[in-house]
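# Notes for the structure review
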Amino acid sequence: MSYTALYRKYRPQNFEDVKGQEHVVTTIKNQIKTGRIGHAYLFCGTRGTGKTTIAKIFAKAVNCEHPMEGSPCGKCPACLAIASGSSLNVIEIDAASNNGVDNIREIREEVAYAPTEGKYKVYIIDEVHMLSIGAFNALLKTLEEPPSYVIFILATTEAHKIPVTILSRCQRYDFHRISTAVISERLNELLCQEQAEADEKAVYYIAKTADGAMRDALSLLDQCMAFYMGQKLTYDKVLEVLGAVDTERFSSLFRAIVQNDIVSAMKQLENLVTQGRDLGQFVNDFIWYLRNLLLLQSSDDMADVLEVSSENLVVLKEESGLIDSGQLMRDIRVFSELSGQIRFSSQKRILIEIAVIKLCRPQMEENYDSILARLSQLEKKVQDGILIQSSAPAAAPKAERVEPKPPVPKAIPDDIRNIVKNWRGIVSGLSPMIGKMVQNAHLSLGGDNILLIVLDDSFGSEVIAEKEDYQQQITDHIVRSIGKDVQVQIRKNDTGRSFQDAFVDLEQVIHTQIEYEE
């Protein structure tokens, strides 16, 4: 016999086995007991919270020959047929692949026929938000006035995509994310039935990683048990299988960031990459680690909210005192932005390294949070007794020769004009990392009508200067944008003067010429 996945093997067969959705179960059981059964239901909630499972139990309960307190007996022919998937009274439809008008018209034709056995025909339409507008309109009339023996159960993860005309004709039930404690309890029950051993810490981490979805938790447990077949499941083994990072790594990285120790932070990132950890998962987990620190700073009575062990709670309380809330919120903001960028990036490691450097060097940014972080660093140095020496020289400096500003060109080629006018659109078409580095660049004109891209950001200019493929990507993208060959040179503004004093600002020149012509 082929192996059955845990989430299928232990799918609840009656309402009593459903975990974490008591508000839905109680209401539906009361309706079945009193005979106040609606004709259309809408089950909303995130994946793996029991929407389809409860729909199937509901279908069994309304057709059961011997219901018990609103729950199906599970032994009568109707219950057995529905459980095996052979019943003609329960029709499951995947709206993701059957989302056309013709599919709904087939349903409208079928509902005219009463069930051959049992009391109700139950239509379970999963991912109903995937239906087309035409299909929703075709379903509308049938959903409003179905025959007395027909029940519609619509399930979706995105209720906001369903037309209000459909919503107003259904009883809506919102499924909650299942708590980590409830998922852990359920996993321990299944481990006992499977005669497998696991540390409490390992089970808790799997439950937490599932993020409120019981099905995800069972799939993760299945994966870990398969990797370490016949062995006791420990916390370290779970981290190894899931590509996750231990809490101690987060603590070490956080302390390196607080101490502005870029070398130590880079070494820790190098170790994560070498061990093959999932960098996307690492970013999300580190955001949660910073969130826990912020909550602890807000109040001391956060142990129940954080859901961490007493040992980790002591460490978190100590680390929450190493940084003020303003810096902590800036760190969360930087990593939250990184979480959105890293999802579709092929250079995850570089993006993470840039984010960590930003946290260690607030002077790289000029926004409000970064200025506050720099002030906080200065205050800390003063408190620690570190003298901040004045940069004023002892003797008057020698007069330096000031290079004259290049003259304004009399004629600017049309190709260069097009690039300057569409520069913001050209930058938006670059990869997120390169676009971030050149978004504040200035444009000027060099000899032989060469387009100069001048960077004030020392970090960005150094990275691009070292990467010839980055320079080539920028040049190729500009050429594709205007459809002509253009000579491009990327330079760092190392003149010691502002860009406007050292170069000709093409954007200002072209804008002035346009105003003059008008």
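Each remark here, short or long, concerns the structure printed above.
Sequence order as written defines the numbering, with residues in each chain counted from 1. In keeping with the model being predicted, local features are shown solely for residues with a pLDDT of at least 70 and side-chain atom pairs are shown and tallied solely at 80 or more, while totals for entire chains, interfaces and linings include all residues. Side-chain metrics rest on all non-hydrogen atoms present in the structure, leaving aside hydrogens and water.

Elements are defined by DSSP. Helices are runs of H or I of four residues or more, strands are runs of E of two residues or more, and each kind is numbered from the N terminus. Within the element layout of this structure, Lys-121 appears in strand S3 (residues 121–126). Burial classes: relative accessible area under 20% of the type maximum marks a residue as buried, over 50% as exposed, and values in between as partly exposed (1.4 Å probe, protein chains only). His is not counted, nor are the chain ends, whereas Lys and Arg count as positive and Asp and Glu as negative. The salt bridge definition used is simple: a Lys or Arg side-chain nitrogen within 4 Å of an Asp or Glu carboxyl oxygen. As a buried residue without a salt bridge, Lys-121 has its nearest oppositely charged side chain in Glu-110, at a separation of 5.4 Å.

A separate point is the pairing of strand S6 (residues 442–445). Burial along S6 is two-sided: the residues His-442 and Ser-444 and Leu-443 and Leu-445 are all buried. Here a strand pair is declared whenever DSSP counts at least two bridges between the two strands. Across 4 bridges, the pairing between S6 and strand S7 (residues 451–455) is antiparallel. Within S7, the residue paired with His-442 across the bridge is Val-454. Taking the residues between adjacent antiparallel strands as the criterion, S6 and S7 are bridged by 5 residues, where Asp-448 takes a positive phi near 60°.

Aromatic pairs are defined between Phe, Tyr and Trp rings, using the six-membered ring for Trp, whenever the two ring centres lie within 6.5 Å; interplanar angles under 30 degrees are classed as stacked, those over 60 as edge-to-face, and all others as tilted. Following the criterion strictly, the structure yields 13 aromatic pairs and no others. Here Phe-43 and Tyr-173 contribute two aromatic rings whose centre-to-centre distance is 6.0 Å and whose plane-to-plane angle is 80°, an arrangement assigned as edge-to-face. Taken together, the residues span a long stretch of sequence, with Phe-43 in strand S1 (residues 40–44) and Tyr-173 in strand S5 (residues 171–174) at a distance of 130 residues. One exposure class covers both Phe-43 and Tyr-173, and it is buried. Three or more aromatic residues joined by ring pairs make a cluster, and in this case those are Tyr-41, Phe-43, Phe-58, Tyr-173 and Phe-175.

Here we take up the sheet that holds S7. Taken in spatial order, the 3 strands line up as S6-S7-S8 in an open sheet, and their pairing is mixed. Strands at the two margins of the open sheet, each flanked by one partner only, are S6 and strand S8 (488–492). Each strand axis lies, on average, 30° off the axis of its neighbour in the sheet, ignoring direction. Pairs of residues are marked as contacts when any of their non-hydrogen atoms sit within 4.5 Å. Note on method: axes are straight lines fitted to C-alpha atoms, helices fitted across the in-contact stretch only, with angles between N-to-C directions ranging 0 to 180 degrees. Along the sheet, helix H24 (residues 468–482) makes contact with S7 and S8, crossing S8 at roughly 135°.

Examined against the element boundaries, Asn-449 turns out to sit in the loop between S6 and S7. Its relative accessible area of 41% is what places Asn-449 among the partly exposed residues. Expressed as a C-alpha distance, the spacing of Asn-449 and Pro-413, which sit 36 residues apart in the sequence, is 7.5 Å. Residues in contact with Asn-449, not counting those within four places in the same chain, are Pro-413 and Ile-416.

Quick look at the pattern of salt bridges now. Counted according to the given criterion, the structure contains 18 salt bridges. We note a salt bridge from Lys-161 to Glu-158, for which the minimum N-O separation is 2.8 Å. For Lys-161, a relative accessible area of 45% translates into the label partly exposed. With relative accessibility at 25%, the residue Glu-158 sits in the partly exposed group. Here Glu-270 makes a salt bridge to Arg-349, at a shortest N to O gap of 2.1 Å. With a gap of 79 residues between them, Glu-270 in helix H13 (residues 262–274) and Arg-349 in helix H18 (residues 348–360) connect regions that are remote in the sequence. Several salt bridges share partner residues, and in doing so they unite Arg-255, Glu-318 and Glu-319 into one network.

What follows covers the sheet that holds S5. Strand order in the open sheet formed by 5 strands is S2-S3-S4-S1-S5, with parallel pairing between adjacent strands. Two strands close off the open sheet at either side, each with one partner strand: strand S2 (90–94) and S5. Neighbour-to-neighbour, the strand axes of this sheet turn through a mean angle of 15°, independent of strand direction. Inspection of the sheet shows S1 paired to strand S4 (residues 150–156) by 5 bridges, in the parallel sense. Within the sheet, the bridge partner assigned to Leu-42 lies in S4 and is Leu-154. With respect to the sheet, helix H3 (residues 51–63) is in contact with S1, S2, S3 and S4, its orientation differing from that of S3 by roughly 175°. Sheet strands touched by helix H5 (residues 101–110): S2, S3 and S4. Its angle to S3, the strand with the most contacts, is close to 170°.

A separate point is the nonpolar core. In this text, buried Ala, Val, Leu, Ile, Met, Phe, Trp, Tyr and Cys residues form a nonpolar core when linked through side-chain atoms within 4.5 Å. Phe-282, Phe-286, Phe-335, Ile-352, Trp-423, Leu-451 and Ile-478 are the most contacted members of the largest nonpolar core, which totals 64 residues. Broken down by element, this core gets its largest block of residues, 9 residues, from helix H14 (residues 279–298). Beyond its immediate chain neighbours, meaning those up to four positions away, Leu-451 contacts Ile-416, Ile-419, Leu-443, Ser-444, Ile-478, Val-486, Gln-487, Val-488, Gln-489 and Leu-506. Judged by nonpolar contacts, the second largest core, of 28 residues, contains Tyr-10, Ala-210, Val-241 and Leu-242.

By this rule, a helix spans an expected 1.5 Å times one less than how many residues it contains. End to end, H13 covers 18 Å across 13 residues, agreeing with the expected 18 Å (1.5 Å per residue, within 8%). Turning to H13, its buried residues number three or more, namely Ala-265, Gln-268, Leu-269 and Leu-272. Buried residues of H13, viewed axially, fall in a sector of 100°; they line one side. Residues Val-263, Lys-267 and Thr-274 are exposed on H13 and point more than 90 degrees away from its buried face. Following H13 by one or two positions, Gly-276 adopts a phi angle in the positive range, close to 75°. Directions are taken from the helix axis to each C-beta atom, and the arc is the one they span.

So, about the packing of H5 against helix H6 (residues 133–144). Where H5 contacts H6, the axes come no closer than 8 Å and their chain directions differ by 15°. Taken together, H5 and H6 sit at an angle that is classed as roughly parallel. Judged by the twist between their axes, the crossing of H5 over H6 is right-handed. Of the residues in H6, those in contact with Val-101, Ile-104 and Arg-108 of H5 are Gly-134, Ala-135, Ala-138, Leu-139 and Thr-142. What sets the label is the angle itself: under 35 degrees gives roughly parallel, over 145 gives roughly antiparallel, 65 to 115 gives roughly perpendicular, and the rest give oblique. Left-handed describes a crossing whose near helix is turned anticlockwise from the far helix through less than a right angle; right-handed describes the clockwise counterpart.

The disulfide definition used here is simple: a pair of cysteine sulfur atoms within 2.5 Å. Tallying each qualifying case throughout the model produces 0 disulfides. Summary of cysteine pairing: Cys-44 is not part of a disulfide, and the nearest cysteine sulfur, belonging to Cys-170, is at 8.9 Å. Judged by relative accessible area, Cys-44 falls into the buried class, the value being 4%.

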